[in-house]
Amino acid sequence: MKLLEFLQKSGCEANLARLMGEIIPRTVVKISDAIGKQGGELAGSENVYGEKQLALDVQANEIVVDELKKSGLVERLASEELEEAVAVKSSGQFTVVFDPLDGSSLVDVNFAVGSIFGVYPGGNPIGKTGDDQVAAAFAVYGPHTTLVITTKKGTHEFRLADNEEFYLTRENLRVAEDSKHFAPGNLRAAAEREDYLKLVNEWIKNGLTLRYSGGMVPDLNHIFLKGNGIFTYPGYSKAPDGKLRLLFECNPMALLMEQAGGASSDGKTRILAKKITELHQRTPIYIGSKKTVEQIENYLS
Ligand code: AHG
Ligand code: MN
Ligand code: MN
């Protein structure tokens, strides 16, 4: 079944169905094409985090901005690659937030990369929480281009076909309560944090299988598709809140994860319950199988 048809049949509100079933998929097709034509060349600029931008980061960002502006559905947009939010149309219905290219440092080595999208009703997301999102999605640019989507009616996977349409490949992805796989991000933190070192050692002792690519999108996609696992990215002295961004990366992933039966936390608080205070706010994150996330909350000091 085609993505748009799936959303319409599931009773998704018409404009949201168009945004998630037509506009965002179109940006993903275009970004996928751009990735196929380019390597990891630098753009010569830096983003608000002081990270060097790839030409592809800039291009992917422009693709999403253009399509969202043309859609007529969007009141405001905010991107990991833009310092400020952009006011698009006062009568627009949604604010779309996105990481146009996640895993930029993996482009030159031809690893899978992705895009991440979150959708809020109305205008400014500041002061809201991730629970306010009405939809979220990520795209994986791997051997196949796939989209994993939620409109708060479960989490589903679609695959891009030759005709530039996405077709349902996995309906209602479910993430089991216990993890058999672990994806420990920012292991640098284990050099100074005894608690994180112990946690990772527990997983090694318990025979969990390591699956870590260095890209949040493929690493979480693994958990969604295998149906269990844990991804972590804690803070440490050099970056007390870690690296990953609440609005652009963690909230969309947290919504998709909860809709698949999993959980996510910053170590104390559910990611989706955290108040958004700044566009570029960072947060530690522990996300995946529910019981493992609970164990982490009890374990971390
Ligand atoms: P981005 O390319 O959008 O800046 O994000 C990359 C992120 C994420 O995909 C990954 O989990 C994390 O960076 C890995 O970071 P480090 O290898 O720097 O710890
Ligand atoms: Mn990212
Ligand atoms: Mn990015």
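Everything numeric in this text was worked out from a predicted model, so none of it was measured. (Residues numbered from 1 in each chain as written. Chains lettered and ligands numbered in written order. Predicted model: local features only at pLDDT ≥ 70, side-chain atom pairs only at ≥ 80, totals over all residues. Heavy atoms only, no water.)

Peer 1: Can you walk me through the packing of aromatic side chains in this structure?
Peer 2: How two aromatic rings sit relative to each other is set out by the distance from centre to centre and by the angle between their planes. All told, the structure shown has three aromatic pairs when counted by the stated rule. Taking the centre distance of 5.7 Å and the plane angle of 40° together, the rings of Phe138 and Phe224 count as tilted. Here Phe138, found in strand S7 (residues 135–141), pairs with Phe224, found in helix H5 (residues 216–226); they are 86 residues apart in sequence, far enough to count as distant. Taking relative accessible area as the criterion, Phe138 reaches 0% and is therefore assigned buried. The ring of Tyr49 carries the charged tip of Arg245 above its face, separated from the ring centre by 4.4 Å. (Phe/Tyr/Trp six-rings, centres within 6.5 Å; stacked < 30°, edge-to-face > 60°. Helix = DSSP H or I, 4+ residues; strand = E, 2+ residues; numbered from the N terminus. Buried < 20%, exposed > 50% of the residue type's maximum accessible area, 1.4 Å probe, protein only. Lys NZ or Arg CZ within 6 Å of the ring centre and 35° of its normal.)

Peer 1: What is the right way to look at the coordination of the manganese ion (ligand 2) in this model?
Peer 2: Any two of four tetrahedral donors ideally make an angle of 109.5 degrees at the metal, while pairs among six octahedral donors ideally make 90 or 180 degrees. Donor atoms from the polypeptide that bind the manganese ion (ligand 2) are Asp99 (OD), Asp102 (OD) and Glu249 (OE), placed at 1.8 to 2.1 Å. Sequence spacing of the donor residues for the manganese ion (ligand 2), all on one chain, is D-x2-D-x146-E. Between the manganese ion (ligand 2) and the manganese ion (ligand 3), both coordinated by Asp99, there is a metal-metal distance of 3.6 Å. Of this pair, Asp99 sits in strand S5 (residues 94–102) while Glu249 is found in helix H6 (residues 246–259), placing the two residues 150 residues apart along the sequence. Assigned by exposure class, Asp99 and Glu249 land together as buried. (Donors = N, O, S within 2.8 Å, 3.2 Å for Na, K, Ca; no water.)

Peer 1: Even after reading the chapter, I still don't get the site of ligand 1, so can you show me in this structure?
Peer 2: Surveying the vicinity of ligand 1 reveals 17 residues, the closest of which are Asp102, Gly103, Arg188, Met216 and Tyr233. Within the side chain of Arg245, an N or O atom sits 3.1 Å from an oxygen atom of ligand 1. Relative to its unbound accessible area of 480 Å², ligand 1 is 83% covered by the protein chains. The cavity that encloses ligand 1 is the largest pocket. When contributions to the shell around ligand 1 are tallied by element, the ones reaching two or more residues are S5 and strand S13 (230–233). With three residues, S5 is the single largest residue contributor to the shell around ligand 1. Split by domain, the residues of the shell around ligand 1 number at least three in each of domain 1 (3–170) and domain 2 (181–300). (Near = heavy atom within 4 Å. Polar contact = N/O pair within 3.5 Å; in protein donor to acceptor, adjacent residues only side chain to side chain. Areas by Shrake-Rupley, 256 points an atom, 1.4 Å probe, with all protein chains shown as cover. 1 Å grid on protein atoms, 1.4 Å probe; cavity = no way out; pocket = protein on both sides within 12 Å on 5 of 7 lines; lining within 4 Å. Sits in = over half its atoms within 2 Å of the grid points. Domains from an automatic or database assignment.)

Peer 1: I would appreciate a short explanation of the coordination of the manganese ion (ligand 3) in the present structure.
Peer 2: Taken together, the protein donors to the manganese ion (ligand 3) comprise Glu80 (OE), Asp99 (OD) and Leu101 (O), at separations of 2.2 to 2.4 Å. Sequence positions of the donors to the manganese ion (ligand 3) reduce to the motif E-x18-D-x1-L. Classification of Glu80 by relative accessible area gives buried; the value is 3%.

The values reported here are purely geometric and, on their own, carry no functional implication.
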